[in-house]
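Take a look at the letters that make up each chain.
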Amino acid sequence: MVFLYKRFGDKSNRLLQNMHFEAYCKYNNIEYHNLEFYDMEDFYKIKDKYSFKKIPKIFLPNLNTRYSIIENLSKFARKLNIKNFLIFDYMNIEDRNNIALYDKQILENRDKTIFVSGWEFRVPELAIKYRDYFKEKYTPKLEMSSYIYIKEFEKYYIKVGVHIRRGDYKYWNNGKYYYEDEVYNDKIEQFSNLFKDKKILFILFSNEEITLKPKQNYIISKCNWYEDHYLLSLCDYIIGAPSTFTIWASFIGNVPLMHILSRDDKVDLNSFNVSVDMTPI
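These numbers were taken from a predicted model, which means no experiment stands behind them.

With that settled, consider the sheet that holds strand β1 (residues 2-4). Spatial strand order, β2-β1-β4-β3: 4 strands in an open sheet with parallel pairing. If you trace the sheet from one side to the other, it starts and ends with β2 (32-34) and β3 (85-89), each paired once. Pairs of neighbouring strands in the sheet enclose a mean axial angle of 20°, with direction left out of account. Note that β1 and strand β4 (residues 113-117) share 3 bridges and pair parallel. When the bridges of β4 are listed, F3 appears paired with F115. In this fold helix α1 (residues 11-27) packs onto β1, β2 and β4, with an angle of close to 170° to the strand it touches most, β2. Each of β3 and β4 is contacted by helix α2 (residues 63-79), which is oriented at about 125° to β3, the strand it contacts most.

So, on to α2. Relative to the 24 Å expected for 17 residues at 1.5 Å per residue, α2 spans 25 Å between its end C-alpha atoms, a close match to the ideal helical length. Those residues of α2 that sit buried are R66, Y67, I70, S74 and A77. The arc that holds every buried residue of α2, seen down its axis, measures 100°, which confines them to one face. Projecting away from the buried face of α2 at angles above 90 degrees are the exposed residues N64 and K79. Next to the buried residues of α2 lie β3 and β4. The backbone nitrogen of N64 lies 3.3 Å from a side-chain oxygen of the residue at the head of α2, namely N62. Following α2 by one or two positions, N81 adopts a phi angle in the positive range, close to 60°.

A separate point is the pattern of salt bridges. Scanning all chains against the criterion turns up 16 salt bridges. As a salt-bridge pair, R7 and D39 come within 3.6 Å of each other at their nearest N and O atoms. On the criterion of sequence distance, the pair formed by R7 in the loop between β1 and α1 and D39 in the loop between β2 and α2 is long-range, its members being 32 residues apart. Measuring nitrogen to oxygen at the nearest pair gives 3.5 Å for the salt bridge that ties K151 to E154. Several salt bridges share partner residues, and in doing so they unite R7, R14, E36, D39 and R66 into one network.

Now for the nonpolar core. Counting 53 residues, the largest nonpolar core has Y24 and I106 as its most contacted members. When residues of this core are assigned to their parent elements, the largest contribution, 7 residues, is made by α1. Excluding residues within four positions of it along the chain, I106 makes contact with V2, Y24, I30, Y90, I114, V116 and F121.

Turning next to the sheet that holds strand β9 (residues 257-259). Overall, parallel pairing links the 5 strands, which are arranged β7-β6-β5-β8-β9 in an open sheet. On the outer flanks of this sheet lie β7 (218-220) and β9, each paired with one strand and no other. For this sheet, the mean inter-axis angle between neighbouring strands, taken without regard to orientation, is 20°. Those strands touched by helix α6 (residues 144-153) are β5 (158-163), β6 (200-205) and β7, and its axis lies near 170° from that of β7. This element, helix α9 (residues 244-253), spans β5, β8 (237-240) and β9 of the sheet and lies at about 165° to β9.

Definitions and cut-offs
- Residues numbered from 1 in each chain as written.
- Predicted model: local features only at pLDDT ≥ 70, side-chain atom pairs only at ≥ 80, totals over all residues.
- Heavy atoms only, no water.
- Pairing = 2+ DSSP bridges.
- Helix = DSSP H or I, 4+ residues; strand = E, 2+ residues; numbered from the N terminus.
- Axes fitted to C-alpha atoms, helices over the stretch in contact; angles between N-to-C directions.
- Contact = heavy atoms within 4.5 Å.
- Expected span 1.5 Å × (residues − 1).
- Buried < 20%, exposed > 50% of the residue type's maximum accessible area, 1.4 Å probe, protein only.
- Arc of directions from axis to C-beta.
- Polar contact = N/O pair within 3.5 Å; in protein donor to acceptor, adjacent residues only side chain to side chain.
- Salt bridge = Lys/Arg side-chain N within 4 Å of Asp/Glu carboxyl O.
- Core = buried A, V, L, I, M, F, W, Y, C linked by side-chain atoms within 4.5 Å.

Functional significance is not addressed by these values, which are geometric in nature.
Here it is in structure tokens:
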């Protein structure tokens, strides 16, 4: 039995992290549980029998304490030479897509209790194999507002999701992927020129106020983040700064994605690819 006990990053990162572990366990018929998914279960109508959600918040230790409890139990088990309690962390780049390592540590110990963590556990081929499974499982509950947007989509031949990422990007990586409105507007104009005879709708997504006002037909999503994931996955194309938010939507919806790696990037159809290895830049 495998338990993912340590979350990595925010919501989109956690979905991607979970999917790799879940795909590996599903392929190898190993029982799998994500202990740290309890605060997102309701969004996806998921009920895990080992969920922390069953513990009243007042009694639930904070993140670091939860991690320490499991890690200290592991150390204690090793001291007592208890071999049925294992813990593995996958944070080294060498761990990525290292099936031989995964099989040695997890598959060969499938009859034991295994706790896993880390960001570099990757099985993209298995994730693709189970794309339909993940799409169904992680389709969120939608509010009525989402259906209004979906209805609007039907009026257009091409739907393009544009994710405007600001916030911490102003400082992360020295602001390399922090773009002003003019950059996003430029990409929108370039995309429009690729389909001059088609009716295109641009759907703008962001976790902060959107000031961008394209000349093209556009709407601004006012939905929750998990609904935005779903709406993005319904688009025909996705454009945005590098982020796991767009990677998740691209993968789940099988939607071609263009990450803006430079403000001078040119938009053409060869710039778009469905995200498959789910690796943020």
